[in-house]
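# An overview of the molecular structure
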Amino acid sequence: MGIVMMILGIVLAVGIMLFLNKTEKIKKDIATLFIASFLVALVLEIFTFNYTTYENIGQSLKKSESVITYNLAEAKSTNNNYVVTKDINSEEPAFTVEINNIDSKVNNVYVAPSKEMVSAKVFVDYKDEVLTDYTPISDSDVNVAYNRENTQYIRLHLAGKTSALKLRIQSSSHEISSGSINVGVNQDIPFRFKPWRLIAVTLIFFALAMIYRYRNLNYAGAKSKKVRRVAIVSLLVVQILFLYFLAYAQMKPKDGFLFEDTKTNTVSRYDQYQKLAIAFTKGQTHLDGVDELTENGEKKQLDILKGLKDPYKPVERDKAIKDSGTSYEWDYAYNDGHYYTYYGPVPVIFTFLPVYALTGIMITTRLVTLIFAIIISVLMCLLVHNIAKRRKLNMWAVIGVMGASLSTIFLTSVFYGAKIYELSPLGGLICILAGINLVYEGVHRETKNTLFLSLGALAFALAVGCKASFLLASIVVLPLILNYLASKGTSEKKNRLARYFANIFSKGNIKTIAAVAAPYVVVGVLLMIYNQVRFGSPFDFGVAHQLTVYDTSYFKLTSISKLPTVIQNGLLRLPTTSVNFPFLELPDAGIGYHGYLFAMAGIGVLAYPFIWAFVGVPVTVKNSLKDNKDKAFVIVTAIMALVLCYTTIVMGGSSFRYSLDFGWAFVIPSIFVIFAIEGWARKKGVLRQALLGIFVVLLVTIIINVLVTMSTGFSGFTETKPDTYYDVYNTVMFWK
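In short, a report on the structure. (Residues numbered from 1 in each chain as written. Predicted model: local features only at pLDDT ≥ 70, side-chain atom pairs only at ≥ 80, totals over all residues. Heavy atoms only, no water.)

In an α-helix, one turn spans 3.6 residues, which is why side chains three or four residues apart end up on the same side. The end-to-end C-alpha distance of helix α14 (residues 449–464) is 23 Å, a good match for the 22 Å that 16 residues give at a rise of 1.5 Å each. Listed as buried for α14 are Asn449, Phe452, Leu453, Gly456, Ala457, Ala459, Phe460, Ala461, Ala463 and Val464. (Helix = DSSP H or I, 4+ residues; strand = E, 2+ residues; numbered from the N terminus. Expected span 1.5 Å × (residues − 1). Buried < 20%, exposed > 50% of the residue type's maximum accessible area, 1.4 Å probe, protein only.)

Structure representation (structure tokens):
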């Protein structure tokens, strides 16, 4: 009966959609369109997604159940057919339950742990009419959780009659000594109505219906303005909700989301940016001694480091610290008896510092990470809009590129840590995207060009104040600025190159050049003073003073033998597949290079189908970009993408979060390539086929991003919020 109900739900849903397509009134009325989408989702929720509820109907099944009680010494069952053995050698409470005399088809096993147990892992073996020895069921190793009913029914998918089952139940909690577990066979699975699944499916069908209805709208056309705004806002709302979900799901139960809990979390546990905010209020740039606790605790460490001949050599440093019975602050910079951070101070100045200075409250890094990710999402959509609004493009192709762009700048990867490591590049990425938007808009505007260019230059200068390596990012807009200035000149020199530079530095451009250079000079001078105070050199950002695994002599830009590693891990590393939700996992392969090269779970930028458009840059530049400003911009951005990928991995290593440093640079040329494909298809009369292909590529890109960033091996989801994870798992995998 269960399969019948599943098929019935699908048939009814298809029938509603066919009726929707043939009814003119529904086609034209948005409210009725939404109601029809809701009905489709409701039918699927009642019949298809809950088909297991009806599975026992019409079948002659033998049902049984038992309550397993346990303490430190033993475990007992209330049903004689349930033989329980307590594993006394296991660190966690673990039991083996043999269920005999079943002699019936088995649709499911029911295991409900106690409140004290929280959750448990269950493994199932079986015997039947043919197999007289216990045989394991390969996909039965599932987690069941207290108070999460939809996790407690394990469907075994066994054929024929089962004679006996053996369940190994292992608790996730170490601390409990007694309790009870409910176990049963062939229990009726309750109806699992999931409001958020109903809403999600409704919105998916409504979005598809709207795309079909307005499929021919031009993005820049007057008719598309209202629908375009609704679509972009909806995309951003979904993105923000997903970002919040990741931030919440990866937050430990005792963590605060908005503010630090000063009762349980001392300053010594703050991250470097939080300490730097306190340090600035005390008129210092070093991080030690920001309060009495850290001052006393760090003094011994600093005295030992100060007494070493070379504190940056790990063998000597680690031995001295170990012999003293203390430790040192990991990943800090050290110089002349003080701890510093080698990350730029700009994110602190605009977030932690003003809040702490005005209120005395320390906001959490996780909150700032979420805010930064939201700002970047808005700026990324704005950039796609600025590129598309001057072109004749299908509206949904542009909206799809926005969604794919958000999925390929690695924003969703930042919440696992949500520390200074993520916050520094996020701050820099805000500045870079703001700078590109301002400069791109400035060179294409009729008025106020200088103001936009100057503000863009300020944004790029501040990016260097977030992370020193982002100095290279300014190069991507240099062609835009130079070509704009050259277009304003009136030189008549015969030599093309001489005429180009003469036009750039013509008298009429002096004010614009000064307005662009001024922010770099001001911010640059302030950063040099900051560096001089800390490390005695205006050009020393503290990288050479790291207290990490190895000193920086291992990291050289000339290490071209690392190029295969860059290609393999920065570009080509793909996620691995899994039979369980979310179906994709991040590969976590260690890398060795002359002693050390940092490696962490991650994928390459080309793991996303959308980014493969990057390989079409040469053809796009040659055939589709008539505007010299855009042509040079795409060429230089593509080159910088490869340069930033190489420098990031050679100097820092391979990590998912490191992709923030260069992922954006691969996205921008890919946007132009996708738009060029759309334009080419329009001219060739194959627009419908091209749009379908583009839509599939963009949709797969978004799906891969969602699944990868929810993968258990990376997100830590199962440890921080196991009940939420199991709920999502079973809601999505309704067929299990």
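This part takes up the side chain of glutamate 422. By the element assignment, glutamate 422 lies in helix α13 (residues 420–444). Among the residues examined, glutamate 422 registers a relative accessible area of 4% and is labelled buried. Here the side chain of glutamate 422 touches lysine 419 through a polar contact of 2.8 Å, landing on its backbone nitrogen. Residues contacting glutamate 422, with those up to four places away along its chain left out, are Val414, Gly417, Arg657 and Leu660. (Polar contact = N/O pair within 3.5 Å; in protein donor to acceptor, adjacent residues only side chain to side chain. Contact = heavy atoms within 4.5 Å.)

Attention now moves to the packing of aromatic side chains. For any pair of aromatic rings, the description consists of the separation of the ring centres together with the inter-plane angle of the planes. The final tally for this structure, using the stated rule, is 22 aromatic pairs. Judged by centre distance (5.5 Å) and plane angle (85°), the ring pair of phenylalanine 410 and phenylalanine 656 falls under edge-to-face. Of the two residues, phenylalanine 410 sits in the loop between α12 (395–407) and α13 while phenylalanine 656 sits in the loop between α20 (628–651) and α21 (663–684), which places them 246 residues apart along the sequence. Residue classification places phenylalanine 410 among the buried residues on the basis of a relative accessible area of 1%. Measuring from centroid to centroid gives 6.0 Å for tyrosine 440 and phenylalanine 633, while their planes differ by 45°, and the two rings are tilted. You can see tyrosine 440 sitting in helix α13 and its partner phenylalanine 633 sitting in helix α20, a full 193 residues away along the chain. Accessibility assignment for this pair places tyrosine 440 and phenylalanine 633 in one class, buried. Each residue in the set Phe581, Phe583, Tyr725 and Tyr729 is aromatic and connected to the rest through ring pairs, giving one cluster. Stacked on the ring of tyrosine 219, the Lys or Arg arginine 228 has its end atom at 5.0 Å from the ring centre. One cation-aromatic arrangement involves lysine 467 over tyrosine 658; the distance from NZ or CZ to the ring centre is 5.9 Å. (Phe/Tyr/Trp six-rings, centres within 6.5 Å; stacked < 30°, edge-to-face > 60°. Lys NZ or Arg CZ within 6 Å of the ring centre and 35° of its normal.)

This part covers the packing of helix α5 (residues 225–249) against helix α11 (residues 365–388). Their axes nearest at 10 Å, the elements α5 and α11 cross at an angle of 155°. By the criterion of interaxial angle, the relationship of α5 to α11 is roughly antiparallel. Judged by the twist between their axes, the crossing of α5 over α11 is right-handed. Each of Arg228, Leu235, Leu236, Gln239, Ile240, Leu243, Tyr244 and Ala247 in α5 lies in contact with α11, whose residues at this interface are Arg366, Leu370, Ala373, Ile374, Ser377, Val378, Cys381 and His385. A per-class count over the contact of α5 with α11 returns eleven nonpolar, three polar and two charged. (Axes fitted to C-alpha atoms, helices over the stretch in contact; angles between N-to-C directions. Parallel < 35°, antiparallel > 145°, perpendicular 65-115°, else oblique. Left-handed = near helix turned anticlockwise from the far one by under 90°. Nonpolar A, V, L, I, M, F, W, Y, C, P; charged D, E, K, R; others polar.)

Before going further, it helps to examine the nonpolar core. In this structure, Ile436, Trp664 and Phe675 are the most contacted members of the largest nonpolar core, which totals 166 residues. For this core, the element with the highest residue contribution is α13, accounting for 14 residues. Aside from chain neighbours lying at most four places away, what touches isoleucine 436 is Leu383, Phe460, Val476, Val477, Phe633, Trp664 and Ile668. (Core = buried A, V, L, I, M, F, W, Y, C linked by side-chain atoms within 4.5 Å.)

So, on to α11. Between its first and last C-alpha atoms α11 spans 35 Å; for 24 residues at 1.5 Å apiece the expected length is 34 Å, and the two agree. In terms of burial, α11 is a largely internal element, 19 of the 24 residues being buried.

This part takes up unusual backbone geometry. Of all residues except glycine, most have a negative phi; of all peptide bonds, most are trans. Phi at aspartate 103 takes a positive value of approximately 50°, unusual for a residue other than glycine. Along the polypeptide, aspartate 103 turns up in the loop between β4 (94–99) and β5 (108–112). Among the residues examined, aspartate 103 registers a relative accessible area of 49% and is labelled partly exposed. In this structure, aspartate 331 is a non-glycine residue whose phi angle is positive, near 65°. Among the structural elements, aspartate 331 can be located in the loop between α8 (314–324) and β12 (333–335).

This part takes up the state of the cysteines. Defined simply, a disulfide is a covalent bond joining two cysteines at their sulfur atoms. Scanning the entire structure with this criterion turns up zero disulfides. Considering cysteine sulfurs only, cysteine 431 is the nearest to cysteine 381, which forms no disulfide, with 19 Å between them. Its relative accessible area of 3% is what places cysteine 381 among the buried residues. (Disulfide = S-S within 2.5 Å.)

All right, on to the environment of phenylalanine 695 then. Examined against the element boundaries, phenylalanine 695 turns out to sit in helix α22 (residues 687–709). Separated by 295 residues in sequence, phenylalanine 695 and glycine 400 place their C-alpha atoms 6.8 Å apart. Setting aside residues up to four positions removed in sequence, phenylalanine 695 forms contacts with Leu208 and Ile211.

Along the chain, serine 624 falls in the loop between α19 (617–623) and α20. On the accessibility criterion, serine 624 (36% relative accessible area) is partly exposed. It is 8.2 Å that separates the C-alpha atoms of serine 624 and glycine 679, two residues lying 55 residues apart in sequence. Once you skip the residues sitting within four places of it in the chain, serine 624 turns out to touch Val619 and Ala676.

Take the pairing of β4 next. A regular strand places its side chains so that they alternate between the two faces of the sheet. Direction of pairing for strand β3 (residues 82–86) relative to β4: antiparallel, over a ladder of five bridges. Each bridged residue has a counterpart across the sheet, and for threonine 85 the counterpart in β4 is threonine 96. (Pairing = 2+ DSSP bridges.)

By the definition in use, this model includes ten salt bridges. Here glutamate 45 makes a salt bridge to arginine 197, at a shortest N to O gap of 2.9 Å. With glutamate 45 in helix α3 (residues 30–48) and arginine 197 in helix α4 (residues 195–213), this pair connects stretches of sequence that are 152 residues apart. For lysine 63, the salt bridge identified is with aspartate 188, shortest N-O distance 2.9 Å. Of the two residues, lysine 63 is situated in the loop between α3 and β1 (64–70) and aspartate 188 in the loop between β11 (179–185) and α4; the sequence distance between them amounts to 125 residues. On the basis of relative accessibility, which here comes to 47%, the residue aspartate 188 falls in the partly exposed class. Connected via shared salt-bridge partners are Lys389, Arg390, Glu441 and Arg445. (Salt bridge = Lys/Arg side-chain N within 4 Å of Asp/Glu carboxyl O.)

The next subject is the sheet that holds β5. Read across the open sheet, the five strands follow the order β2-β1-β11-β5-β9; overall the sheet is antiparallel. Since the sheet does not close on itself, it has two edges, and those belong to β2 (75–77) and β9 (153–155), each with one partner. Sheet twist, expressed as the average angle between the axes of neighbouring strands with direction ignored, equals 20°. As paired elements, β5 and β11 share four bridges and run antiparallel to each other. Its bridge partner being in β11, tyrosine 110 is matched across the sheet by glycine 184.

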